[in-house]
Amino acid sequence: MRKPISGLGLMVSLLIAPCVVVAQSSGGVLAPNAKVEKVDGGFKFIEGPVWIPQGYLLFSDIPNNAIMQWTPGTKSKVWRKPSGNANGNTLDFEGRFLSCEHDRRVTRTEKNGKITALATKYNGSKLNSPNDIVVKSNGDIYFTDPPYGIQPEQAELSFSGVYRIDKSGRITLLVKDFQRPNGIAFSPDEKLLYVNDSQEMHIRVFAVKPDGTLANGKVFAELKETGQTGVPDGMKVDIKGNVYCTGPGGVWVFAPSGKLLTKIRVPEPTANCAFGDKDYKTLYMTATTGLYRIRLQNQGIRPGQDKPK
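Residues numbered from 1 in each chain as written. Predicted model: local features only at pLDDT ≥ 70, side-chain atom pairs only at ≥ 80, totals over all residues. Heavy atoms only, no water.

Asks: Any chance you could explain the overall build of the protein here in plain terms?
Replies: If you tally the helices and strands in the protein, you get zero helices and 26 strands. In terms of overall dimensions, the protein is globule-like: its C-alpha atoms have a radius of gyration of 18 Å, near the 19 Å expected for 309 residues. Principal-axis analysis of the C-alpha atoms places the extent of the protein at approximately 50 × 40 × 40 Å. A total of 309 residues make up the protein; the buried ones form 58% of that total. Taking all contacts inside the protein whose residues are at least 6 apart in sequence as the whole, residues at least 24 apart take part in 48%. Here the protein has roughly 12700 Å² of accessible surface; of this, 50% comes from carbon and sulfur atoms. Of the side chains in the protein, 40 bear a positive and 29 a negative charge, and the two mean positions are spaced by 3 Å. (Helix = DSSP H or I, 4+ residues; strand = E, 2+ residues; numbered from the N terminus. Rg over C-alpha atoms; globule rule 2.2 N^0.38 Å. Buried < 20%, exposed > 50% of the residue type's maximum accessible area, 1.4 Å probe, protein only. Contact = heavy atoms within 4.5 Å. Areas by Shrake-Rupley, 256 points an atom, 1.4 Å probe, with all protein chains shown as cover. Lys, Arg positive; Asp, Glu negative; His and termini not counted. Charge placed at Lys NZ, Arg CZ, Asp CG, Glu CD.)

Printed below as a string of C-alpha cells:
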C-alpha cells in the first residue's frame, strides 16, 4: 500500500456496482461473461485480503486500524481492532494468520489467539513499515519494507528492503535497491519471486536460490498508463503462473513470459487482491473504500496450502 489519498473516506453504497468493462480481451484469464461486482463498501482504505478456508475473507482497513471480516451474503464486521495498522496479510502452512503492520513489525497470530512479533528490527534499527508478505512452503517468510507508514524523520534505515525470516527466526536482508518495494509473490514452483516497486511502476523477478536468497533480478513488466489512477501494489499468482498485480485502472494480469493478458477495470484505485471462494477461482480486490470481486478461469495459489509439485 502507498499512503491513502486524502478525502477517500466517504461512505460508498453497498449496492452491487454496475458491470465494469474489461479493457481488452480476457486472454484466457476471466470466466465466461465475468463482470466486476461490488460486494461491500464504506471503508477508509482497504488492503491485504486473504481468503480463510472456513469460508470468509479477512482484509485490512488501514486508517481505521482494523482487520475486517467479510462472509458472502453479509456486511463486513471487525475481526480485530486495533490491528497495528495492518497492511498485507497471509496464512502460513499451519494455517496461522501473518500480518505486516505499519506499527513497524511483522506478526503471527497463534492458534490460541496470542500475537507473536516475528520481526521488528534489522541490525538493531527499526523496520520502516512492513507492507506485504508471502510464505514459502518450507516455512520461510518473505516481506517488503517501504516507508509508507512512517514520517521521514522516523526512518532508522537508509533503504527500503526485501527480507526473509527463516524458521529459526533469523532476519536476512535480500535486496535493498528498491525505491518502494511493495507486493510480493512466488511462482507456483517457488523458483521465482516477484516484487513490484510502486515508485518505479514495474515488477521485478528474481531467481530463488536453494538457500532462499535471491539472484538475477530483472524487470518483468512495466505498469504505466496515462489517464488512469493507481500503482503496482498488491500482487498474487495463479496455478498457471499468471501474475495479477494492481496498477493504473485496476488489476493487470501477465503471463509467466511477461506478456500482458488483460486489465481488469475497477471503479476505484485498487490496492491489493486475493483468490477466494471454495474453488479459489474468484479474485477479490480491495479498492480504496470498496471490496470487489470477479470470476476467473484458473485457480489461484492458496496461501498456506499449495506446495510445489
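Asks: Honestly, the sheet that holds strand β14 (residues 160-165) in this entry has me stumped. Any pointers?
Replies: Where strands meet in a sheet, backbone hydrogen bonds hold them as pairs that are either parallel or antiparallel. Taken in spatial order, the four strands make up an open sheet running β12-β13-β14-β15, and their pairing is antiparallel. Every interior strand has two partners, whereas the edge strands, β12 (133-135) and β15 (171-178), have only one. The average undirected angle you get between the axes of adjacent strands in this sheet is 20 degrees. Across three bridges, β12 lies against strand β13 (residues 141-145) in antiparallel orientation. In the sheet register, Ile133 faces β13, and the bridge partner there is Phe143. (Pairing = 2+ DSSP bridges. Axes fitted to C-alpha atoms, helices over the stretch in contact; angles between N-to-C directions.)

Asks: Hey, could you run me through the pattern of salt bridges in this one?
Replies: Oppositely charged side chains may form a pair once their charged atoms are brought near each other. Tallying each qualifying case throughout the model produces 14 salt bridges. Across the pair Glu94 and Arg96 runs a salt bridge whose closest N-O atoms are separated by 3.3 Å. By relative accessible area, which is 15% here, Arg96 ends up buried. Residues Glu225 and Lys263 are paired through a salt bridge, measuring 3.1 Å at the closest nitrogen-oxygen approach. In this pair, Glu225 is assigned in the loop between β19 (214-222) and β20 (235-237) and Lys263 in strand β23 (residues 260-265), connecting sequence segments 38 residues apart. (Salt bridge = Lys/Arg side-chain N within 4 Å of Asp/Glu carboxyl O.)

Asks: Teacher, can you tell me more about the environment of Val219 here?
Replies: Mapping Val219 onto the fold places it in strand β19. Note: C-alpha distance between Val219 and His202 (17 residues apart in sequence) is 6.9 Å. Filtering out sequence-adjacent residues up to four positions away, Val219 remains in contact with His202, Ile203 and Arg204.

Asks: Sorry if this is basic, but what is going on with the nonpolar core here?
Replies: Buried together is how nonpolar side chains tend to be arranged in soluble globular proteins. Of all hydrophobic cores here, the largest spans 32 residues; its most connected members are Tyr244, Ile264, Leu283, Met285 and Ile294. Where this core is concerned, the elements lending two or more residues are β2 (46-52), β3 (56-61), β4 (66-70), β22 (250-254), β23, β24 (272-276), β25 (282-287) and β26 (290-295). When residues in this core are grouped by element, the largest group, four residues, is from β25. Not counting residues within four places of it along the chain, the set of residues in contact with Ile264 comprises Leu30, Val36, Gly249, Gly250, Val251, Val253, Leu283, Met285 and Ile294. Judged by nonpolar contacts, the second largest core, of 15 residues, contains Leu98, Val106, Leu118 and Leu127. (Core = buried A, V, L, I, M, F, W, Y, C linked by side-chain atoms within 4.5 Å.)

Asks: What exactly am I supposed to notice about the sheet that holds strand β17 (residues 192-197) here?
Replies: Reading across from one edge, β16-β17-β18-β19 is the order of the four strands in this open sheet, with antiparallel pairing throughout. Every interior strand has two partners, whereas the edge strands, β16 (181-186) and β19, have only one. Each adjacent strand pair in this sheet contributes to an overall mean axis angle of 25 degrees, direction not counted. Pairing between β17 and strand β18 (residues 202-208): six bridges, direction antiparallel. Following the sheet pairing, Leu192 is matched in β18 by Ala207.

Asks: Any chance you could explain the packing of aromatic side chains here in plain terms?
Replies: Aromatic ring pairs are described here by two measures, namely the spacing of the ring centres and the angle between the planes. Per the counting criterion, the structure on display carries 13 aromatic pairs. Each ring, one from Tyr122 and one from Phe159, has its centre 6.5 Å from the other, and the planes form 80 degrees; the classification is edge-to-face. Of this pair, Tyr122 sits in strand β10 (residues 121-122) while Phe159 sits in the loop between β13 and β14, and the two are 37 residues apart along the sequence. Note on accessibility: Tyr122 and Phe159 belong to one class, buried. Between Tyr244 and Phe275, the ring centres sit 5.2 Å apart and the planes meet at 90 degrees, which makes this aromatic pair edge-to-face. In this pair, Tyr244 is assigned in strand β21 (residues 243-247) and Phe275 in strand β24, connecting sequence segments 31 residues apart. By relative accessible area, which is 0% here, Tyr244 ends up buried. Using a relative accessible area of 3% as the deciding quantity, one classes Phe275 as buried. (Phe/Tyr/Trp six-rings, centres within 6.5 Å; stacked < 30°, edge-to-face > 60°.)

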